[in-house]
Amino acid sequence: MNEAQPVEARGLVKRYGEIVAVDHVDLTVERGDVFGYLGPNGAGKTTSLRMLLGLIRPTEGSARLFGRDPLEVGARALDGVAGFVEGPRFYPYLSGRKNLRLLADLDGGAPASRIDEVLDVVELRERAKDRVGGYSHGMRQRLGIAAALLRDPQLLLLDEPTTGLDPAGMRDMRGLVKQLAADGITILLSSHILAEVEELCNRVAIIQRGTVIYEGRLDELLRSAAGGYRLRATEIERAYSLLRSQPGIEAAQSNGYLRLQGDDAALAAATITLGRAGIGITELVPQTTSLEELFLIMTGGETADAGARP
Amino acid sequence: MTSVYKWELLKLLAQKRTYLGLGTAMLVPLIFVTVLVLKTGGPNDIPLGRYIRETGLATPFVVLFFMSIWAFPLLTALVAGDIVAAESHNGTLKTILTRSRERGEIFAGKALAALTYTAAILLAMGTVGLLAAGFAWGFAPLTSLSGSTVSFGHGLGLLGASLAVYLLPMAGIAAFGILLSTITRNSAASVVGTLMWALLMQLLGVLPGTEPIRPYLLATQFDAWHGFLRTPADWVPVVRALWVCALYIGVPLAAGYVVFVRSDVAGE
């Protein structure tokens, strides 16, 4: 079995004249990851994916899929890899089934039953005889997943799979991605829909102006930005006076509540202090930061795409 | 490569422009025969033109002459200029390039399919022209360009050989169309550019002072079949068409291959 990581990009650079679209990007997607590749529009996500798939040549650096570089070994580098960049594209004058048969033939052929299977997975079997030109955007997205599944991939690269879908279509697509991940497929998901990444992914990379500014576990990222605790009490002024001198606790007042910083033990001691002083605690909740807030902080306010939020 | 070629043909068969090309190639000889049946006079100034009503065999040869000017170059460019550019524009190029085939295979399949279509329109014209004219004027022996009489069976063989040698410059036009299609990734620019190139070749052939290069122009090779219609056969233009067209076909295809294999497939 190939022990190499599904995706390893090292020092990936793509220049178009003076413009640096991707600037020394390092990416590692591990087996079993649902890896979110986040960035504002034009940050370099799609260009990176194109280099991974061998569609464009890096100016510098290398991209390896399961240890194979598309520029070195050609189409063989894509064994066990499937997906689409900038949305799946098909021949509009052919039926959905014929499109899949064509792609299956390019992969060495597949029995009709296998094509039926993947059509069933994406719930398109009833429309398989219709020309793709008459398909809705959502149906084309699902056909794109079916085309990818035909290759029995171990790694799936999906570029903005829910863009342009209605809420029900988004829900279905996310459900499908979850199911595929549960089936053991490693997924690299490029998206600017932050809620989607937060829902689906275990690891993320954030790219801004061609440079990766964060790569790691999503939960660690969120935890690192956690803002302590928020406390409401029956006597907020007296509580503040007591907790200011509480060992291990940093307290600050803010609009009728206190913001507390401290570890779990110090926080537990603080609640006892308040209880002994006869002050009732009406609310004590951890302060969390959403991925969107973090993203805006890290990218200096460049929105991923506010209009695309579900 | 076989499956790539098969699917390129199936894609062509699913597109209207293919039928537009085939239909036009069949319609031109039909119109030609219909007009000559209804009217007197004929194309007496062109090779075999004066024998047009003597036998159905003469018509395909005469139509070959007329269609070489712009109709066949246009019909050839229509598909060859589109075969890569359309896929790039529709985004399907990246779809097929992320499967298990090397880029070289995809290019070869496309080039073969475009050349097959080119042969098909030529064959369609020849067949329809022969049948239509045969029904109008019969299938009598043919008078060759040397004035000798050629039996119908032998004339049919000469027609086949002539179509085969006529295919060479058409393949040269197709190869140029494929190159433009690969470089520009723009169907309209490739189709128009290919047609312009074919017309330029013809223009060069009639301009004064171009006599030394005329035998090596692509347009000149459209007349190479005349060699078969002489008694004895004149192989000089045929052999020259073989090697001259090999260059006109090979160089653009080789350049197109290199561009196709090495170029970035970015957004459309």
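Shown above is the structure to which this text applies.
Since the model is a prediction, treat every value here as computed from it, not as a measurement. (Residues numbered from 1 in each chain as written. Chains lettered and ligands numbered in written order. Predicted model: local features only at pLDDT ≥ 70, side-chain atom pairs only at ≥ 80, totals over all residues. Heavy atoms only, no water.)

1. What about the pairing of strand β1 (residues 7-16) of chain A?
Where a strand is regular, its side chains alternate between the two sheet faces.
All names here are of chain A.
Next up, step 1: Pairing analysis gives seven bridges linking β1 to strand β2 (residues 19-29), with the strands arranged antiparallel. When the sheet's bridge partners are listed, Y16 is paired in β2 with I19.
Next up, step 2: The hairpin formed by β1 and β2 contains two residues between the paired strands, and G17 there has a positive phi angle of roughly 65°.
Next up, step 3: Pairing analysis gives five bridges linking β1 to strand β4 (residues 60-65), with the strands arranged antiparallel. Bridged to E8 within β4 is R64. (Pairing = 2+ DSSP bridges. Helix = DSSP H or I, 4+ residues; strand = E, 2+ residues; numbered from the N terminus.)

2. Quick look at the packing of helix α4 (residues 71-80) of chain B against helix α8 (residues 152-184) of chain B
All names here are of chain B.
Next up, step 1: Relative to each other, α4 and α8 sit at 40°, their axes nearing to 8 Å. Considering the angle they form, α4 stands oblique to α8. Here the hand of the crossing between α4 and α8 comes out right-handed. On α8, the residues that touch F72, P73, T76 and A80 of α4 are Y166, M170, I173, A174, G177, I178 and S181. (Axes fitted to C-alpha atoms, helices over the stretch in contact; angles between N-to-C directions. Parallel < 35°, antiparallel > 145°, perpendicular 65-115°, else oblique. Left-handed = near helix turned anticlockwise from the far one by under 90°. Contact = heavy atoms within 4.5 Å.)

3. Things to note about the sheet that holds β4(A)
Residues and elements named next belong to chain A.
Next up, step 1: Spatially, the three strands line up as an open sheet ordered β2-β1-β4, and their pairing is antiparallel. Either end of the sheet is taken by a strand with one partner, and the two such strands are β2 and β4. Ignoring strand direction, the axes of neighbouring strands in this sheet form an average angle of 20°.
Next up, step 2: Most of the contacts of helix α1 (residues 45-52) go to β1, to which it runs at about 115°, and overall it touches β1, β2 and β4.

4. Details of unusual backbone geometry
Next up, step 1: Across the junction of B:T231 and B:P232, the peptide omega takes the value -5°, indicating a cis bond.
Next up, step 2: Among the structural elements, B:P232 can be located in the loop between α9 (187-206) and α10 (235-262).
Next up, step 3: In this structure, A:E123 is a non-glycine residue whose phi angle is positive, near 55°.

5. As for the environment of A:P111
All names here are of chain A.
Next up, step 1: Within the secondary structure, P111 sits in the loop between α3 (96-106) and α4 (112-121).
Next up, step 2: Taking relative accessible area as the criterion, P111 reaches 54% and is therefore assigned exposed.
Next up, step 3: Linking P111 and R101, residues ten residues apart in sequence, is a C-alpha distance of 8.9 Å. (Buried < 20%, exposed > 50% of the residue type's maximum accessible area, 1.4 Å probe, protein only.)

6. A short note on the interface of chain B and chain A
Next up, step 1: At the junction of the two partners, chain B supplies 29 residues and chain A supplies 32 residues.
Next up, step 2: For the pair chain B and chain A, the summed buried area comes to about 2,700 Å², and 53% of that belongs to carbon and sulfur atoms.
Next up, step 3: On inspection of chain B and its partner chain A, the count reaches four salt bridges.
Next up, step 4: One salt bridge connects B:K94 with A:E86, and the closest N-O pair in it is separated by 3.7 Å.
Next up, step 5: There are 20 residue pairs in polar contact (both at pLDDT 80 or more) connecting chain B and chain A.
Next up, step 6: The residue inventory of the side of chain B that touches chain A, partitioned by class, reads eight nonpolar, ten polar and eleven charged. (Buried area = accessible area lost by both parts, 1.4 Å probe. Salt bridge = Lys/Arg side-chain N within 4 Å of Asp/Glu carboxyl O. Polar contact = N/O pair within 3.5 Å; in protein donor to acceptor, adjacent residues only side chain to side chain. Nonpolar A, V, L, I, M, F, W, Y, C, P; charged D, E, K, R; others polar.)

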